[in-house]
Amino acid sequence: MVIIILCISIAGCAGVQRKFTRKKQKEEKSLPIITTYDYAKELRVDELYKKRFLFWKSWQGELIYRMDDTYKKRTECYNELMQNLLEMQKYLNDEKYKELEAFIAEIKSVDPDVKKINLTNSEKYRITQVLEKTKRLIDKRFSYSHVKNFLELRK
């Protein structure tokens, strides 16, 4: 009798309790439906151009505003605006491509001065004037409403 009580106390009633408790019913979760679309670049040229134009505009405005800041910030702004201008250019046909090339060359002419550590006030003024003029003209001639009929994907 002592051996039986000892075996029951060691084994416990956990097995018996597990045997007689109700198990929770598992809810069947429906799987999410994922629809993928294959957006070809040719179909998204308008969207990509608008995005690059907006990025260019904000980076050039930032560079104009940051002419008194450190050369690192000026260099970062300059590099970003050039990258976005070159991306914009990829989506234009030959006629508009060449027209934008002239503005890119004009902005590149201030490249060494923008990246200088110390700028004089006259250099800052000259660079700011070039950047404001090109920003105004590019904004006028290359906004989406003016170039939507000239967009294509260059390879």
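The rules behind each value
- Residues numbered from 1 in each chain as written.
- Predicted model: local features only at pLDDT ≥ 70, side-chain atom pairs only at ≥ 80, totals over all residues.
- Heavy atoms only, no water.
- Helix = DSSP H or I, 4+ residues; strand = E, 2+ residues; numbered from the N terminus.
- Expected span 1.5 Å × (residues − 1).
- Buried < 20%, exposed > 50% of the residue type's maximum accessible area, 1.4 Å probe, protein only.
- Arc of directions from axis to C-beta.
- Contact = heavy atoms within 4.5 Å.
- pLDDT = per-residue confidence, 0-100.

With 15 residues, helix α5 (residues 94-108) should reach 21 Å at 1.5 Å per residue; the first-to-last C-alpha distance of 20 Å fits that figure. Within α5 the residues assigned to the buried category are K96, L100, F103, I104 and I107. The buried residues of α5 occupy an angular sector of 105° when the element is viewed end-on, so they sit on one face. Among the exposed residues of α5, those pointing more than 90 degrees away from its buried face are E95 and K98. The secondary structure elements touched by the buried residues of α5 are α3 (45-65), α4 (71-90), α6 (111-114), α7 (121-141) and α8 (144-147).

Another aspect to go through is the confidence of the model for the chain. For the chain, per-residue confidence averages 85 on the pLDDT scale, and 84% of positions sit at 70 or higher. By mean pLDDT, helix α2 (residues 14-20) is the weakest element of the chain at 62, and α7 is the strongest at 94.

Let's shift gears to α3. Over its 21 residues, α3 runs 30 Å from end to end, which matches the ideal 30 Å to within 8%, given 1.5 Å per residue. For α3, the full list of buried residues reads V45, L48, Y49, R52, F53, W56, Q60, L63 and I64. In an axial view of α3, the angular spread of the buried residues amounts to 130°, which keeps them on one side of the axis. Turned more than 90 degrees away from the buried face of α3, the exposed residues are E47, L54 and Y65. Against the buried residues of α3 lie α4, α5, α6, α7 and α8.

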